Amino acid sequence: LFPAFAASGGVLVLVAYVGAFTCIFAAVIGITQDDIKRVLAFSTLSQLGYMMLALGVATMENSLGYTASMFHLFTHAFFKALLFLAAGALIHSVVTNNIWEMGGLAKKMPVTHLTFLAAALAISGIWPFAGFFSKDEILAATLYSGHYGIFAVALIVAVLTPLYMFRIYFLAFWGEARSETVRHAHEAPAVMLLPLIILAV
């Protein structure tokens, strides 16, 4: 439907503003959550807003925002699936969703730790992980479109994303065990680890 939106005057600008609001609003909420799945759910909303923001700054003449949005949809599918599955492995092992009740799991769950780290680096847009390339294209599309306010929001969200992702990472995998179940935690079974490894690659 993009050609129809592009032909309808200022509708794409409205899409861009709604996307900008969605991505920053959900990112701020994600920072405040203690349930690992809720953080990831608000992260998903934020990234969907990021994609819509990119679509909104595109035109039929300059379609970089469109291709950047579709590219980010593709990369996001892999690293967000990995994050949710790694969160499931954590919850399976420690029997809690609360990140404040985790801690010290890097040594007890090394595969889950490394795969979660790969996904966190990807969604944070760190080179050479997939998210770097798709987020960079969205930022470029927004900047070159001349929508500098929307570009500023996209840049702020690019900073907020690693904040909530590495908040989970450090609270879950480093420091001291903060509950009895964490002290007895163990790596997830192979049936859970194999998809994590494939998605991480």
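Residues numbered from 1 in each chain as written. Predicted model: local features only at pLDDT ≥ 70, side-chain atom pairs only at ≥ 80, totals over all residues. Heavy atoms only, no water.

(A) Structural context of the overall build of the protein. If you tally the helices and strands in the protein, you get 10 helices and 0 strands. Start at the N end of the protein and walk to the C end: the helices and strands fall as α-α-α-α-α-α-α-α-α-α. In terms of overall dimensions, the protein has a C-alpha envelope of 60 × 30 × 25 Å along the principal axes. In the protein, buried positions account for 47% of the 201 residues. Just so you have it, the protein exposes about 9400 Å², and 75% of that area is on carbon and sulfur atoms. In the protein, the 9 positive side-chain charges and the 9 negative ones have mean positions that sit 7 Å from each other. (Helix = DSSP H or I, 4+ residues; strand = E, 2+ residues; numbered from the N terminus. Buried < 20%, exposed > 50% of the residue type's maximum accessible area, 1.4 Å probe, protein only. Areas by Shrake-Rupley, 256 points an atom, 1.4 Å probe, with all protein chains shown as cover. Lys, Arg positive; Asp, Glu negative; His and termini not counted. Charge placed at Lys NZ, Arg CZ, Asp CG, Glu CD.)

(B) Summary view of the nonpolar core. Membership of the largest hydrophobic core comes to 38 residues, with the highest contact counts inside it found for Ile-36, Leu-90, Leu-105, Phe-116, Met-165, Ile-168 and Phe-173. The set of elements that each furnish at least two residues to this core consists of helix H3 (36–56), helix H4 (64–94), helix H5 (105–108), helix H6 (110–123), helix H8 (148–173) and helix H10 (190–200). The residues touching Met-165, leaving out its near neighbours within four places in the chain, are Leu-40, Ser-43, Leu-83, Phe-116, Ala-120, Ile-123 and Ser-124. By size, the runner-up hydrophobic cluster in this structure holds 17 residues, among which are Cys-23, Ala-54, Val-57 and Ala-141. (Core = buried A, V, L, I, M, F, W, Y, C linked by side-chain atoms within 4.5 Å. Contact = heavy atoms within 4.5 Å.)

(C) Spotlight on the packing of H3 against H8. With their axes 11 Å apart at the nearest point, H3 and H8 run at an angle of 160° to one another. As far as their axial angle goes, H8 and H3 are roughly antiparallel. With respect to the hand of their crossing, H3 and H8 are arranged in left-handed fashion. On H8, the residues that touch Ile-36, Val-39, Leu-40, Ser-43, Ser-46, Gln-47, Tyr-50 and Leu-53 of H3 are Ile-150, Ala-154, Val-157, Ala-158, Thr-161, Tyr-164, Met-165, Arg-167 and Ile-168. (Axes fitted to C-alpha atoms, helices over the stretch in contact; angles between N-to-C directions. Parallel < 35°, antiparallel > 145°, perpendicular 65-115°, else oblique. Left-handed = near helix turned anticlockwise from the far one by under 90°.)

(D) Main features of helix H2 (residues 11–32). Between the first and last C-alpha of H2 there are 32 Å, a value that for 22 residues agrees with the 32 Å anticipated at 1.5 Å per step. Every buried residue belonging to H2 is among Leu-12, Val-15, Ala-16, Gly-19, Ala-20, Cys-23, Ala-26, Ala-27 and Gly-30, and all of these are buried. Take H2 and look down its axis: the buried residues cluster within an arc of 155°, on one side only. Exposed side of H2, more than 90 degrees from the buried face: Leu-14 and Phe-21 are the residues found there. (Expected span 1.5 Å × (residues − 1). Arc of directions from axis to C-beta.)

(E) A look at the side chain of Thr-112. For Thr-112, the position within the fold is in helix H6. Discounting residues that sit within four places of it in the chain, Thr-112 has contacts with Ala-86, Ala-89, Leu-90, Phe-173, Glu-187, Leu-193 and Leu-196.

(F) Structural context of the packing of H6 against H10. Between H6 and H10, the least distance of the axes is 9 Å, while the angle of their chain directions is 30°. When the axes of H6 and H10 are compared, the crossing they make is left-handed. From H6, Val-111, Thr-112, Thr-115 and Ala-118 reach across to H10, where they touch Leu-193, Leu-196, Ile-197 and Ala-200. Within the contact of H6 with H10, the residues separate by chemical class into 6 nonpolar, 2 polar and no charged. (Nonpolar A, V, L, I, M, F, W, Y, C, P; charged D, E, K, R; others polar.)

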